[in-house]
Structures are given as C-alpha cells and as structure tokens.
Amino acid sequence: MYKTIFITGTPCTGKTTVSEMLSSKLNCRLIKINDLALENDFVLGIDEDKGYKVIDIPKLNEKVSEIIADSDELIIFEGHLAHLCDGADKVIVLRVRPEILRSRLEGRDYSESKIRENLEAEAMGVCTSEAFEIYGDDVSEIDVSDLTVDEIVCEIDNFISGKKSFSVGEIDFMGWLIS
C-alpha cells in the first residue's frame, strides 16, 4: 500500500474531479497543490505572456515534504504541479486525447494560445516526461479519454491496491501534432 499518491496531468484531464471522488472512496486526505500554493503565498507573480501564476516550486516542495513527514495516513496530492514535488510513492498522470481536451479547455474559456500550449503539452506527454525524470518507474499514466469518472476512480483504486498496473510510454498522442 502506498502512503503518498500524486495525481497530475495537463489542465482539464480530470485530476480534481477524480481525486475528490477517489479520496472520498478511500477515506483519505486530499491536498490540492494549487490551493496549497495560494494559501501559503508561494505565488511569485504572473507570467505576462501566458497569464498564469508563477509558483515558487522549491517552497511548495518544502511544504509538501513537511505535510508528508507529519502524516501516517494515505494522502493524495492533486494538481498539474504535483509531479514537480518530492515525496510521492507513486505518481499517476491522467492523459486525454487532444481533440477531447480542446473542448474541455474551450469550455473553461481558455485563450487560444493557452489552449494550443496545453494541447501541445498533452500531445508530447510533458507531465509524464517531467514526472519520469524525477520518479522513474514510480510513474504510471492512464488514458482516461473514453472513461467515466467512476471508471477512472475504479482503475486507480485497483492500481493502488495492486490489482492493476499502468506503465509509461504506451500512450501516444504525437500524431495529433502533425494532423
């Protein structure tokens, strides 16, 4: 059994919804990385070109490490920056086909440049690549494109309990970039 699970992925892959349901099902603590950064004033400023908050990752990492050290219970950390922090027993990257992701990003009124940036990041597997650089074989990725939230929660629950495994490198959305 794992003590610390990080659920990460490109914006709009379902991290928050899935993590909330999963933490409820497992009766464990859920920490949203973005909220943790905001509550602890780890925002360094706003990226003028892209319009998003720039987070002090070393300070965020330190806070995450403190939380993990002070806990004996299962904790799920959720957010697209989670994989940049230390301390996970397992990192789960949620992946979604870019054509599905586009409609979700548009639904949140993201600018076209931000949509394009996120679609390219998803197609190239940026979150998986970054997580793998830090965690190696402790990273798993799940294509959630055609799954309901309940199915995703069930898959992750089966993974955590050792009934199922997901490896890195089987999901390939690179073809989207050339289409």
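Note that the structure is predicted; figures quoted are calculated from it, not measured.

The rules behind these values
Residues numbered from 1 in each chain as written. Predicted model: local features only at pLDDT ≥ 70, side-chain atom pairs only at ≥ 80, totals over all residues. Heavy atoms only, no water. 1 Å grid on protein atoms, 1.4 Å probe; cavity = no way out; pocket = protein on both sides within 12 Å on 5 of 7 lines; lining within 4 Å. Points joined across faces, edges and corners; volume = space filled by probe spheres on them. Helix = DSSP H or I, 4+ residues; strand = E, 2+ residues; numbered from the N terminus. Nonpolar A, V, L, I, M, F, W, Y, C, P; charged D, E, K, R; others polar. Buried < 20%, exposed > 50% of the residue type's maximum accessible area, 1.4 Å probe, protein only. Phe/Tyr/Trp six-rings, centres within 6.5 Å; stacked < 30°, edge-to-face > 60°. Pairing = 2+ DSSP bridges.

Asks: Teacher, can you tell me more about empty space enclosed by the protein here?
Replies: Any space left empty among the atoms is revealed by the rolling of a water-sized probe across them. Taken as a whole, this structure holds one cavity of 30 Å³ or more when the rule is applied. Of the pockets and cavities examined, the largest cavity occupies roughly 30 Å³. Taken together, G9, T10, V93, R95, A121, E122, G125, V126, C127 and T128 make up the lining of the largest cavity. For the lining of the largest cavity, the secondary-structure elements that each account for two or more residues are β6 (90-95), α5 (112-124) and α6 (126-135). Of the residues forming the lining of the largest cavity, the biggest block, three residues, is contributed by α6.

Asks: Looking at this structure, I do not really get the layout of surface pockets. What am I missing?
Replies: Estimated volume of the largest pocket: approximately 920 Å³. Considering the residues around the largest pocket, the lining is formed by 35 residues, among which P11, N34, H80, L81 and N118 are closest to the centre. Among the elements that make up the lining of the largest pocket, the one with the highest residue count is helix α2 (residues 33-39) (five residues). Its residues assigned to classes, the lining of the largest pocket comprises 15 nonpolar, 10 polar and 10 charged.

Asks: Would you mind going over the environment of L119 with me for this structure?
Replies: The residue L119 is located in helix α5 in this model. For L119, a relative accessible area of 0% corresponds to the buried category. The spatial distance from the C-alpha of L119 to the C-alpha of L177 is 8.8 Å, given a sequence separation of 58 residues.

Asks: How do you make sense of unusual backbone geometry when you look at a structure like this?
Replies: Most peptide bonds adopt trans geometry, and most residues besides glycine take a negative phi value. Positive phi is not limited to glycine here, since N27 has a value of about 50°. By the secondary structure assignment, N27 is in the loop between α1 (15-26) and β2 (29-32). With a phi close to 55°, D41 is a non-glycine residue in the positive phi region. Following the sequence through the fold, D41 ends up in the loop between α2 and β3 (43-46).

Asks: I keep staring at the packing of aromatic side chains and nothing clicks. Help me out?
Replies: Ring pairs (aromatic) are described by centroid distance and by the angle formed between their planes. Summed over the entire model, instances satisfying the criterion amount to four aromatic pairs. Aromatic side chains F6 and F77 sit 5.2 Å apart centroid to centroid with 75° between the ring planes, which places their arrangement in the edge-to-face category. Of the two residues, F6 is situated in strand β1 (residues 4-8) and F77 in strand β5 (residues 75-78); the sequence distance between them amounts to 71 residues. Neither residue differs from the other here; F6 and F77 are each classed as buried. Ring geometry for F6 versus Y135: centroids 6.2 Å apart, planes at 80°, classification edge-to-face. Separated by 129 residues along the polypeptide, F6 in strand β1 and Y135 in helix α6 bring together distant segments of the chain. An identical accessibility class is assigned to F6 and Y135; each is buried.

Asks: Can you help me understand the pairing of β6 in this one?
Replies: Working note: regular strand, side chains alternate between the two faces of the sheet. Most of β6 is tucked away, with six of its six residues classed as buried. Burial of the side chains of β6 extends over both faces: K90, I92 and L94 are buried on one face and V91, V93 and R95 on the other. Both β1 and β6 contribute to a ladder of four bridges, which runs parallel. Note that in β6 the partner of I5 across the bridge is K90. Across five bridges, the pairing between β6 and strand β7 (residues 139-143) is parallel. Across the sheet, residue I92 finds its bridge partner in β7, namely S140.

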